[in-house]
Amino acid sequence: MFAVHLLAFYFTKLKEDQIKKVDRFLYHMRLSDDVLLDVMTRFQAEMVKGLERDTHPTAAVKMLPTFVRSIPDGSEKGDFLALDLGGSKFRVLKVKVSEDGKQNVQMESQFYPTPKEITHGNGTELFDYVADCLADFMETKNIKHKKFPLGFTFSFPCIQTKLEEGVLLSWTKYFKVRGVQETDVISSLRHALRKHKDVDVDVLALVNDTVGTMMTCGYDDQRCEVGIIIGTGTNACYMEEMSNIDLVEGDEGRMCINTEWGAFGDDGSLDDLRTEFDREIDLGSINPGKQLFEKMISGLYLGELVRLILLKMAKKGLLFNGKISTALRTKDKIETKHVAAMEKHKEGLQNTKEILMELGLTPSEEDCIAVQHVCTIVSFRSANLCAAALAAILTRLRENKKLIRLRTTVGIDGTLYKTHPQYPKRLHKVVRRLVPNCDVRFLLSESGSGKGAAMVTAVACRLVSQRKQIDEILASFELSKENLIEVKNKMREELEYGLKKETHVTATVKMLPTYVCGTPDGTEKGKFLALDLGGTNFRVLLVKIRSGRRKSVRMYNKIFAIPLEIMQGTGEELFDHIVQCIAEFLEYMGIKGARLPLGFTFSFPCRQASIDKGALVEWTKGFKATDCEGEDVVDMLREAIKRRNEFDLDIVAVVNDTVGTMMTCGYEDPNCEIGFIAGTGSNVCYMEEMKNIEIVEGTEGKMCINTEWGGFGDNGCIDSIRTKYDKEVDEGSLNPGKQRYEKMTSGMYLGEIVRQILIDLTKHGLLFRGQISESLRTRGIFETKFLSHIESDRLALLQVRRILQQLGLDSTCDDSIIVKEVCGAVSKRAAQLCGAGLAAIVEKKRENRNLEHLKITVGVDGTLYKLHPHFSGILRETVKEMAPQCDVTFMLSEDGSGKGAALITAVAKRLHNVGEN
């Protein structure tokens, strides 16, 4: 028993001594976590250099855009061919992807050798050989009669400007084919394929094997956004935000970046970590000074690194009693498969002994232990360096997504990773240590490079098909110049119908006289109350106006909510609620006893008989209070004040918010004679010549006309540009068949139009994986404010996804791009339609004045105009295009419905006093 213990102690001591000896000799190959974190930081800096336009040409890590913009979503289907060139063998595959309720991929493949005369020959021979192998495969499988989409895995660094094009930068691994560098490999392949008249393929994608790995794993796990190869060569790719890729136009969505990380250190950034053995390997390679990181990591070089170390140790008398065999002096005699065999857990030492004996050596027990430890240090360094670079990529992904903790999947392939007994475990452990805030799943790829090319091709086919369908759906929102001219001309006709006595009754654009006959001249002064009713909130304001050199307007206001039951209850309940709010405000301001002049902003269509008389034509914007339509709202307000019997007010004017907007801007700019609201609702007013207003007595001067243009099209005159989504929104509204123009242009409805389109796209399987969620079925869920947020240029797609998630819509990056596009199409059309309508009005103003050229200001208000990032710009462009003889300035109104109502009251008082005098 004692002897056994003694033997075990002796063996342990022997092992420790040998390990210490090797550790001392290979001190520089053992990398601490601090060193690895430093390598990670260096790689992050190299990634940035490769992505930025200015530094890209000199960057060692090339960060090549692949034009792969999407990972599989599970809806791909069809038959595809794939070619896989880049390893020790060339492979042709037929891949069948089916989506019949469950994802399924079936593959048939054939390997073909890549002899030296091909890998070191000329380009024509290489591509002819590839085409011959494909023709042979199709013949064998009896599929020459059918046309196939084809993906080409080409595992060498290429510069791509589209998915189906790639200019070879340089050969790597053991390939050195003449006449291919700096040429498009897809053109060469197509040229070779044309020689086979019976082969009908459409080459859709050029893919790197690393991208293929990511795509293969992405089909099984949609969290997969990184691909790594650790085999003969090594490389990594990942999904980068387009906004960070300077080399490619556009900043929407993501694109897969092929890092070509094998060249990390080619600029000298890893010189402090490279050993004499790394330098020797590099000098003896076919590409000295290039792919230095790869030469420290990949399977092509690990065996040779071990051989050089053993040779040096033997020369120093540290191994094999200083004896060196011919085989140990011979390049590439130790391969990576030998390193893997020597590191096996149980039989490793026995394998080491056998391998060393095959090399003509007679190793002792101590030699075998030392050699095994050399293998461990070399392969562990490889795993460590890989982990550091991967940690940099994972950190970048986490920072791009602005996450505290990242959950992601890394697709991985390569013979070194798959066949080395310890490599995966070491890599995973170090990655988790370096980036503890990333939860990483490592997913082994099944024939990644071939199946991956087919998956990229399948995704490309899906995206082409989806693009076509999306374009068809959104095409109905595109307005040509002819469409806009037609809208402008129709609007002009409807304006005239509304002004003329015989057609006014049946006109859809009501052209209501407001009895506001002047704009501010700067002499207005005094204290005025203003009420503002036009949406879900109601405001009461006290406005103090000063005239003269120090003219100013000061306002005090309070906002009150109008509950839904009041909005849709009785008229008496609504006006009693309004008067209660006024009483609270007067109490709050301490002015209950004063009989102040009051202007009432009532933002609904009213037929006015004078400035203080307005009969409601019909409710809009969700109001449905009974016993109001046809009644005078000023009388209803006076009666409610009487019922309360607490205070009295001098109601001078009932005004529309659009008129208030015009008056507010008119106070600042006398050129302002048009008011425009683009908010919850949409409307315009303007100063019309009295002689053109047949429905009002008198021909002198001007009067403001409230167009109520929201009703434009209620007679079917713009049906040709209404889409099925407009019709669905109209049918589901509180007033079907009415306010059709408003339903195409105003904030209350744009979100609902978007929702209808999203439902349709989802039904077609183009969004949200074809799943219509409960929230998407909910009317009104998609408020117009979300359009403004989603379309913001400053908003990354990540934030768009967050908005959609808040709405209960679980979206991918691709979904977010489509949603943003839908929002853009709907809001652009709204702005163009408003622009065409406004052009009709400014042209009418120009003709009224018999001018060749008109200079005029439009006062504007409304959340859609103010908050949407593109609405105002598109509106202005459209007006300019549709009314080229008019120079139109848009002036943003400051509180038209409050300040404007007070100014109208002040102007009315001034004109009344002038009349009396």
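Along each chain, numbering runs from 1 in the same order as the chain's sequence is written. Local features in a predicted model are, by the rule used here, given only for residues with pLDDT of at least 70; side-chain atom pairs are given and counted only at 80 or more, and totals for whole chains, interfaces and linings are based on all residues. Values shown for side chains rest on all heavy atoms present in the structure; no hydrogens or waters enter the calculation.

Caption draft 1: Fine view of the packing of helix H7 (residues 276-283) against helix H9 (residues 299-315). Between H7 and H9, the least distance of the axes is 10 Å, while the angle of their chain directions is 120 degrees. As the angle between them shows, H7 and H9 are arranged oblique. Crossing handedness for the pair H7 and H9: right-handed. Contact residues: Glu 276, Phe 277, Asp 278, Glu 280 and Ile 281 in H7; Tyr 301, Glu 304, Leu 305, Leu 308, Ile 309 and Lys 312 in H9. Angles shown run from 0 to 180 degrees and are taken between the N-to-C directions of axes, each axis being a line fitted to C-alpha atoms and, for helices, limited to the stretch in contact. Under the scheme used here, helices are H or I runs from DSSP no shorter than 4 residues and strands are E runs no shorter than 2 residues, and both carry numbers assigned from the N terminus. Oblique is the label for any angle not under 35 degrees, not over 145, and not in the 65 to 115 range, which are roughly parallel, roughly antiparallel and roughly perpendicular in turn. In this scheme, a crossing is called left-handed if the near helix is turned counterclockwise away from the far one by less than a right angle; it is called right-handed if the turn is clockwise. Whether two residues are in contact is decided by their heavy atoms, any of which lying within 4.5 Å being enough.

Caption draft 2: Summary view of the packing of aromatic side chains. Working definition: a ring pair exists when centres of Phe, Tyr or Trp rings (six-membered ring for Trp) sit within 6.5 Å. Plane angles under 30 degrees give stacked, over 60 give edge-to-face, the rest tilted. Going through the model one piece at a time under the given rule, you end up with 24 aromatic pairs. Both rings, one in Phe 154 and one in Trp 171, keep their centres 5.8 Å apart while their planes meet at 65 degrees; by these two values the pair is edge-to-face. Placement of Phe 154 in strand S5 (residues 148-154) and of Trp 171 in the loop between strand S7 (167-168) and helix H5 (185-193) is noted, with a sequence separation of 17 residues between them. Assigned by exposure class, Phe 154 and Trp 171 land together as buried. One aromatic cluster is present, built from ring pairs that chain together Phe 152, Phe 154, Phe 156, Trp 171 and Phe 175. By definition here, charges over rings are those cases where NZ of Lys or CZ of Arg is within 6 Å of the ring centre and within 35 degrees of the ring normal. One residue, Lys 558, lies across the ring of Tyr 588, its end atom 5.1 Å from the ring centre. Three labels apply to residues, based on accessible area from a 1.4 Å probe with only protein chains included: buried if under 20% of the type maximum, exposed if over 50%, partly exposed otherwise in between.

Caption draft 3: Quick peek at the sheet that holds strand S8 (residues 201-207). A pair of strands is considered paired only if DSSP assigns at least 2 bridges between the two. Strand order in this open sheet of 5 strands is S4-S3-S2-S5-S8, and the pairing throughout is mixed. Where the open sheet ends on each side, the last strands, each with one partner, are strand S4 (104-113) and S8. Taken over all neighbouring pairs, the strand axes of this sheet differ in orientation by 20 degrees on average, direction set aside. The sheet contact formed by strand S2 (residues 78-85) and strand S3 (residues 89-98) spans 7 bridges and is antiparallel. Looking at the pairing, Ala 82 lines up with Leu 93 of S3.

Caption draft 4: Region of the structure containing the sheet that holds strand S26 (residues 886-892). Strand order in this open sheet of 6 strands is S14-S24-S23-S22-S25-S26, and the pairing throughout is mixed. Every other strand in the sheet has two partners, leaving strand S14 (512-513) and S26 as the edge strands with one partner each. The pairing of strand S22 (residues 672-678) with strand S23 (residues 682-689) spans 5 bridges and is classified as antiparallel. If you follow Ile 674 over to S23, its bridge partner there is Tyr 686. Contacts from helix H30 (residues 871-882) reach S22 and S26, with the element oriented near 160 degrees to S26.

Caption draft 5: How the structure looks around the nonpolar core. We define the nonpolar core as a collection of buried residues of types Ala, Val, Leu, Ile, Met, Phe, Trp, Tyr and Cys that are connected through side-chain atoms lying within 4.5 Å of one another. Among the nonpolar cores identified, the biggest contains 113 residues, and Ile 230, Trp 261 and Leu 394 are the most heavily contacted of them. The element that contributes the greatest number of residues to this core is helix H13 (residues 365-400), accounting for 19 residues. Excluding residues that lie within four positions of it along the chain, Trp 261 makes contacts with Phe 43, Val 61, Ile 228, Thr 234, Asn 235, Ala 236, Phe 293, Cys 386, Ala 389, Leu 390 and Ile 393. If you look at the next biggest cluster of nonpolar residues, it comprises 83 residues, including Phe 676, Val 822, Ile 841 and Cys 886.

Caption draft 6: Seen up close, the environment of Gly 233. Here Gly 233 shows up in the loop between strand S9 (224-230) and strand S10 (234-241). Take Gly 233: its relative accessible area is 9%, and that puts it in the buried class. For the pair formed by Gly 233 and Ile 297, sequence separation is 64 residues and the distance between their alpha carbons is 8.2 Å. Beyond its immediate stretch of four places on either side in the chain, Gly 233 contacts Lys 173, Glu 294 and Ser 298.

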